[in-house]
Amino acid sequence: MGRWLLPATTGALLAFALPPYNSGELGWFSLVPLLFAVEDCRLEEAFRRGYIAGLVFFGMTIWWIYHVTAAGTVGLIAFLALYFGVGALMFVMAKRLIPDLMDSENQFGAGAALRNLLVAAVGSAGWVTLEWLRGKLLFGGFLWNFLGVTQWRAGPLIQFASVTGVYGVSALVCFVNVVLYFTIRRFIVQVRTRDRQWRLSWEFYVAMSLICLAFWYGVPQVFPHNEAKQRIVRLALVQGDIPQTLKFEPEQKPMILERYRTLTEAVITTRPEMIVWPETATPDALRYDRESFELVTNLAVKSGAYLFTGTVDITPYSSPAEAFNGAILVRPDGSLGEIYHKVHLVPFGEYVPLGKIFPFMKWLTPIDGSFERGRDFTVFHAGELRFGAVICFEDTVPDLYRHFVQRDVDFMVNVTNDAWFKTSPAAEMHLANAVFRAVESHRPLVRASNNGMTCIINEHGIIRARCAPFGKGSLNFDLTLPNDHSQTFYTQHGDVFVGGCAAVSVVAIGLAAFRRNRLQSRV
């Protein structure tokens, strides 16, 4: 029973550490049951037990995708669980690779502690490498709910993500999990042997020291002592709350446009500098639909503000015409500014992977056609302000996001539509992952959603204000822009930390294979 119960416990604990439960403390020991389950396993059995943990975790955290595709949900859960299986396998390999000093006369001494720390480091490097691969493989990857995301509400702790990305937080959480496993294992051995001479767990103190270092680095950033005068931008975010089933129905178009007109006119009295509507707020292509164009441009002129909105965009002069998931800036004089076309499309939601080769793939998706992929990292200009924009799940893609910030923007905007998943935890999970983009880039993130979570995230990943989810409304906020426009290490250099972890993983796998072949040759 334990061989299945312990891995399932790991999957459940990790799920409870994320939205909607947000018990982030569980993340620090959620892997411990799985580590006990695989400690004496053959590699194949370790993989199977890790796979069980993955099935439970992803089954509890991404079930809401069934609102879009039931078959795709089952397939995605089954695929993503493979990463947990490989992660468990790599932990077993790390234990076998590093000489076991636990059986020596000084089984609780410095040698054993060093060995345990090396196993924890190698295991954490492997886990981070797998998370990075999960974000790259299978039609653009699935970057949601990494181990580090369990700490999304621990602002002072996660600030070092500006150097390592979210992957560094994952490595720290994984490292602490492995150290706790060794500490508990040592305690059990001492109890069983009735050893009355209790000894220090040096690896535990190392792990706690790393957490303290993270806070030492992050606290001064989140709570600065001397704050110079900063630029303030008055924003108004509009949340339309249009059900997905009605969003593109032609007969619902008057209702949708009227709702956005009413909500926008209500916020004009606050005299915002910029108004933001969510993804595909207008039912038709803004540039080519008279009603949509007149509404948006008239509201921009009436408010005297920049109006930024998500919209479908097309290129009618190409053959055949191409459609894009886009975002457009409308100036206070009613003229159109820059246009962004979404670069990272969602498979089966915005395009059909391999649809031209395998036409049956379209049966797994609710969409009739496919969007084309954008190519430019557009910078928008609203007076003296410069900002970048990402659409939908693009704010969960670290490497893509940093390319916008490299263009010296003052802040970032995300327009999204999570109404696909109704009132499920998907919207808050989306927010939890997006928080790390603000920390990595040290730029505020403004999020306008169709039904939640519309909010303001400051440059430290702290949510400053939010609109009540799953209802129509608006959010007015004076956004404070950081004076420091320098670019973080992560923005400039990207996944260097992941590269180091990958190198450690490759060396570990190579040494493990070499050792296994040498042992087999002796038989």
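Basis of the calculations
Residues numbered from 1 in each chain as written. Predicted model: local features only at pLDDT ≥ 70, side-chain atom pairs only at ≥ 80, totals over all residues. Heavy atoms only, no water. Phe/Tyr/Trp six-rings, centres within 6.5 Å; stacked < 30°, edge-to-face > 60°. Helix = DSSP H or I, 4+ residues; strand = E, 2+ residues; numbered from the N terminus. Buried < 20%, exposed > 50% of the residue type's maximum accessible area, 1.4 Å probe, protein only. Lys NZ or Arg CZ within 6 Å of the ring centre and 35° of its normal. Contact = heavy atoms within 4.5 Å. Pairing = 2+ DSSP bridges. Axes fitted to C-alpha atoms, helices over the stretch in contact; angles between N-to-C directions. Parallel < 35°, antiparallel > 145°, perpendicular 65-115°, else oblique.

### A word on the packing of aromatic side chains
As enumerated under the stated definition, the model contains 26 aromatic pairs in all. The interplanar angle of 90 degrees and the centroid separation of 5.3 Å between the aromatic rings of Phe308 and Phe387 together place this pair among those described as edge-to-face. Taken as a pair, Phe308 in strand E3 (residues 306-315) and Phe387 in strand E7 (residues 385-391) lie far apart in primary sequence, 79 residues in all. Judged on exposure class, the residue Phe308 and its partner Phe387 are both buried. One aromatic cluster is present, formed by Trp64, Phe142, Trp144, Phe393 and Phe421 through successive ring pairs. Over the aromatic face of Phe248 sits the side chain of Lys247, whose NZ or CZ is 5.9 Å from the ring centroid.

### A look at the environment of Val504
In this fold, Val504 is placed in helix H14 (residues 496-522). With relative accessibility at 35%, the residue Val504 sits in the partly exposed group. For the pair Val504 and Ala125, spaced 379 residues apart in the sequence, the C-alpha separation amounts to 6.6 Å. The contact partners of Val504, leaving out residues within four places of it in the chain, are Val122 and Ala125.

### Regarding the sheet that holds strand E5 (residues 336-341)
Through backbone hydrogen bonds, the strands of a sheet pair up, either in parallel or in antiparallel fashion. Spatial ordering of the open sheet is given by E5-E4-E3-E2-E1-E12, a layout of 6 strands whose pairing is mixed. With partners counted over all chains shown, the strands left at the sheet margins are E5 and strand E12 (473-480), one partner each. Recorded for the sheet is a direction-independent mean angle of 30 degrees between the axes of neighbouring strands. Pairing of strand E2 (residues 274-276) with E3, which is carried by 3 bridges, proceeds in the parallel orientation. Within E3, the residue paired with Ile275 across the bridge is Leu307. The sheet contacts of helix H9 (residues 253-268) involve strand E1 (232-239), E2 and E12, and relative to E1 the element is tilted by about 155 degrees.

### Comments concerning the packing of H9 against helix H10 (residues 290-303)
When two helices pack together, their arrangement is captured by the angle between the axes and the distance separating the axes. H10 packs onto H9 with a crossing angle of 5 degrees between their chain directions and a minimal axis gap of 11 Å. In terms of orientation, H9 and H10 fall into the roughly parallel class. Facing Lys253, Leu257, Tyr260, Arg261, Thr264, Glu265 and Ile268 of H9, the residues of H10 in contact are Glu291, Ser292, Leu295, Leu299, Lys302 and Ser303.

### Considering the environment of Ala321
Of note, Ala321 is situated in the loop between E3 and strand E4 (322-330). What makes Ala321 exposed here is its relative accessible area of 54%. In contact with Ala321, other than residues within four places in its own chain, are Thr315 and Pro316.

Function-wise, these values are silent; they only describe arrangement.
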